Amino acid sequence: MTKEVKISVCGVQYLDREAQEPVRTVAAGTYYKKKDRHYLLYDTTDAETGTVTKNRIQINGDCVEMTRSGSGSARVHMSFQPGMRHRAEYMTSAGMLLMDTVTHAVRVTETEDRIEVRLEYALESEGMQLAENQLEITVCSLSG
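Residues numbered from 1 in each chain as written. Predicted model: local features only at pLDDT ≥ 70, side-chain atom pairs only at ≥ 80, totals over all residues. Heavy atoms only, no water.

Engineer: Quick one: what's the story with the side chain of Thr103, residue by residue and with numbers?
Structural biologist: Within the secondary structure, Thr103 sits in strand β9 (residues 95–111). Non-local contacts of Thr103, meaning those with residues more than four positions away in its chain, are made with Ser79, Phe80, Gln81, Pro82, Gly83, Met84, Glu120 and Tyr121. (Helix = DSSP H or I, 4+ residues; strand = E, 2+ residues; numbered from the N terminus. Contact = heavy atoms within 4.5 Å.)

Okay, here's the thing in structure tokens:
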């Protein structure tokens, strides 16, 4: 895998078993591997406000961690590991929002110049399930 990569993220939320409109992001980013852990770094820009959000994804076997932060935007760190519940603290302009992710499945497929990740998880707040979610992350080497 090259250091310069294209990162595609596609998320689908299911409310009452009905798929909502997918949310897609494609960005150029940076990839590196350290001690068998894959790291992805990329920025996204809000089309309406111009606010830049920094994103980091760490892949370690069947554990995936995602961190988003930026001025004026929500800050969040989410962890996904099959069969595990992780608390995520969303810091928003309105204050702290506590959410739990309950991970059903993590699938990671890796080749020489491509990584594919599929996450299946539920979002809960205060013991109530809010939605089922699927997130697909595809990382490809940028040809030089």
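Engineer: Tell me what's going on with the side chain of Glu120, and back it up with residues and numbers.
Structural biologist: Take Glu120: it is sitting in strand β10 (residues 114–125). Within the local environment of Glu120, its side chain forms a polar contact with the side chain of Arg118, the two groups lying 3.1 Å apart. (Polar contact = N/O pair within 3.5 Å; in protein donor to acceptor, adjacent residues only side chain to side chain.)

Engineer: Can you tell me about the packing of aromatic side chains, naming the residues and giving the values?
Structural biologist: Two measures describe an aromatic ring pair: the distance that separates the ring centres and the angle between the ring planes. One pass over the full model with this rule turns up 2 aromatic pairs. With 4.8 Å between their ring centres and 10° between their planes, Tyr32 and Tyr39 make a pair best called stacked. Among the residues examined, Tyr32 registers a relative accessible area of 35% and is labelled partly exposed. (Phe/Tyr/Trp six-rings, centres within 6.5 Å; stacked < 30°, edge-to-face > 60°. Buried < 20%, exposed > 50% of the residue type's maximum accessible area, 1.4 Å probe, protein only.)

Engineer: Break down the pattern of salt bridges for me, with residues and values.
Structural biologist: Enumeration over the complete set of coordinates arrives at 9 salt bridges. When the shortest N-O distance is used, the salt bridge between Glu124 and Arg85 registers 2.5 Å. In this pair, Glu124 is assigned in strand β10 and Arg85 in strand β8 (residues 85–92), connecting sequence segments 39 residues apart. A relative accessible area of 13% means that Glu124 is categorised as buried. The partly exposed category is assigned to Arg85, whose relative accessible area is 48%. Put simply, Arg107 and Glu120 hold a salt bridge, and the shortest N to O gap is 3.0 Å. (Salt bridge = Lys/Arg side-chain N within 4 Å of Asp/Glu carboxyl O.)

Engineer: Tell me what's going on with the environment of Leu98, and back it up with residues and numbers.
Structural biologist: Along the chain, the position of Leu98 falls in strand β9. We classify Leu98 as partly exposed; its relative accessible area is 36%. Sequence spacing of Leu98 and Ala28 is 70 residues, and the spatial spacing of their C-alpha atoms is 30 Å. With sequence-adjacent residues up to four places away left out, Leu98 is seen in contact with Arg87, Ala88, Glu89, Glu124 and Ser125.

Engineer: Just give me the short version of the nonpolar core, but keep the residues and values in it.
Structural biologist: One finds Val64, Leu119 and Ile137 to be the most contacted residues of the largest nonpolar core, which totals 26 residues. Ranked by residues supplied to this core, first place goes to β10 with 5 residues. When residues no more than four places from it in sequence are discounted, the contact partners of Val64 are Ile57, Gln58, Ile59, Met78, Ser79, Phe80, Val106, Val117 and Leu119. (Core = buried A, V, L, I, M, F, W, Y, C linked by side-chain atoms within 4.5 Å.)

Engineer: So what's going on with the environment of Met66? Residues and values would help.
Structural biologist: Following the sequence through the fold, Met66 ends up in strand β6 (residues 63–69). If we skip the residues at most four places from it in the chain, Met66 touches Arg56, Ile57, Val76, His77, Met78, Phe80, Leu119 and Leu135.

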